[in-house]
Number of protein chains: 2
Amino acid sequence: MLRLYHYPLSPFCRKLRLMLAEKRINVELIEEKYWEQRPDFLVLNPSGKVPVLRGDDLILFDSQAICEYVEAVHPNPPLFPSSAEQQYEMRRIIFWFDGKFYDEVTSKLLNERLLGKIQRSAPPDGEILAKALKDIKFHLDYIDFLLLERRWVAGDQMTLADFAAAAHISCLDYINDIDWNRSEAIKNWYSALKSRPAFRSLLADHVTGHRVPAHYWNLDF
Amino acid sequence: MLRLYHYPLSPFCRKLRLMLAEKRINVELIEEKYWEQRPDFLVLNPSGKVPVLRGDDLILFDSQAICEYVEAVHPNPPLFPSSAEQQYEMRRIIFWFDGKFYDEVTSKLLNERLLGKIQRSAPPDGEILAKALKDIKFHLDYIDFLLLERRWVAGDQMTLADFAAAAHISCLDYINDIDWNRSEAIKNWYSALKSRPAFRSLLADHVTGHRVPAHYWNLDF
């Protein structure tokens, strides 16, 4: 069986977990506290990052490189659109979430609210927090703008871009940093994703010492 | 004709330029001082980053999303390997260069040596510089390790991963930060790439106020 070394609040792991679950590829989840730099883990991935997907004679890392591989070897159900133009749009949005959105919002809020405390006993930095809480508004408005004329974030078909986006949003919802009153379109889109069986494993995640808002599990929030 | 908004010392632009030149796709190069945040440029790409590829009814940004698109619509000569496993390896290496290598080495050295001065009249920070000069050694040794048993960085075929790697190395060579005595394998690999016609436009780049080392243009360095 495939083994996935992951951390519950990594949006990169969540993107891949959603994809694997949607394609009904079973994996054994192994929680990896990557910041502890376990020597046995560094042998698997010298960069020390999650996710790492491990099979009998297979060690894969880098979430997007893995997702592209999974789509190629398990094409059904398809999570990539068929045309080159639509694939461009899907990748552009994935890189936007995993790059800019992660740097400015997800990593900042997760660190200041939770991971800094867990990993380094570091207190939150009010200035970083305030900046990220300001930035998230612009970013949510951009998602709202995308969903104005589309059913899904990259077009009229659900793709890996929706899973990438939902992976970040779900991590932020875990720490109660999504203002669900800001956009009806985002709420409807996320609600549709959250109801999918693929989402169940994410909603069951739990990080010790943190209390999740009640609506996090609620499909009708 | 396609127009490419680029900056000479952006490794992301260089990766794409090498790919377009190798596939003999003509583009008009427009130098964009992206840090000036020209309103007309922000309309093309709200994130304000280069490269942006513009056609008659086409505006594309994010270098890797564009490269994937270019390979799909101009498959010859191929710059992606054919199997899913080899494509995984190619993408893993591209993301390693455009992610970790860029963050720890390329962006740091370019900023401290040149771009900080040009963009913000900022003096170099000795500590950042020293850290990046230490990190580049580990990274070059990793490339050397890859080339021990491979002709090209991702396998036995020249791929986009070689262009991604050469894009970073060429920017660093421009500011004389590559120690060519460190690895014979890297020197031979880069020499083979540098001799390709696709490389000519890069070698002709010039940033005002900076003197390039003599070997930068030299094919037999």
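Keep in mind it's a predicted model, so treat the numbers as computed, not measured. (Residues numbered from 1 in each chain as written. Chains lettered and ligands numbered in written order. Predicted model: local features only at pLDDT ≥ 70, side-chain atom pairs only at ≥ 80, totals over all residues. Heavy atoms only, no water.)

Thoughts on the pattern of salt bridges
Side chains that differ in charge, positive against negative, can pair when their charged atoms come close.
Argument step 1. All chains considered together, the criterion is met by 28 salt bridges over all chains.
Argument step 2. Linking A:Arg14 and A:Asp205 is a salt bridge whose minimum nitrogen-to-oxygen distance equals 3.1 Å. Taken together, the residues A:Arg14 in helix H1 (residues 11-22) and A:Asp205 in the segment after helix H8 (200-203) connect sequence positions 191 residues apart.
Argument step 3. A salt bridge links B:Glu89 to B:Arg92; the nearest nitrogen and oxygen atoms lie 2.8 Å apart. Here B:Arg92 and B:Glu89 lie together in helix H4 (residues 84-120), a separation of three residues that amounts to about one turn. This pair shows no difference in class: B:Glu89 is buried, exactly as B:Arg92 is.
Argument step 4. What emerges from the salt-bridge pattern is a single network uniting A:Glu68, A:Arg91, B:Glu68 and B:Arg91. (Salt bridge = Lys/Arg side-chain N within 4 Å of Asp/Glu carboxyl O. Helix = DSSP H or I, 4+ residues; strand = E, 2+ residues; numbered from the N terminus. Buried < 20%, exposed > 50% of the residue type's maximum accessible area, 1.4 Å probe, protein only.)

Notes on the state of the cysteines
Two cysteines form a disulfide when their sulfur atoms are joined by a covalent bond.
Residues and elements named next belong to chain B.
Argument step 1. Using the criterion set out here, one finds zero disulfides over all chains in the structure.
Argument step 2. Free of any disulfide, cysteine 13 has its nearest cysteine sulfur in cysteine 171, 9.0 Å distant.
Argument step 3. The class of cysteine 13 is buried, set by a relative accessible area of 0%.
Argument step 4. Between cysteine 67, a cysteine without a disulfide, and cysteine 13, which holds the nearest cysteine sulfur, the sulfur-to-sulfur distance is 10 Å. (Disulfide = S-S within 2.5 Å.)

Side note on unusual backbone geometry
Argument step 1. Residue A:Pro51 follows A:Val50 across a cis peptide bond; omega there is 0°.
Argument step 2. Relative to the helices and strands, A:Pro51 resides in the loop between helix H2 (39-44) and strand S3 (52-55).
Argument step 3. At B:Asn176, a residue that is not glycine, the phi angle is positive and equals roughly 65°.
Argument step 4. By secondary structure assignment, the location of B:Asn176 is in the loop between helix H6 (160-174) and helix H7 (184-194).
Argument step 5. For B:Asn176, a relative accessible area of 44% puts it in the partly exposed group.

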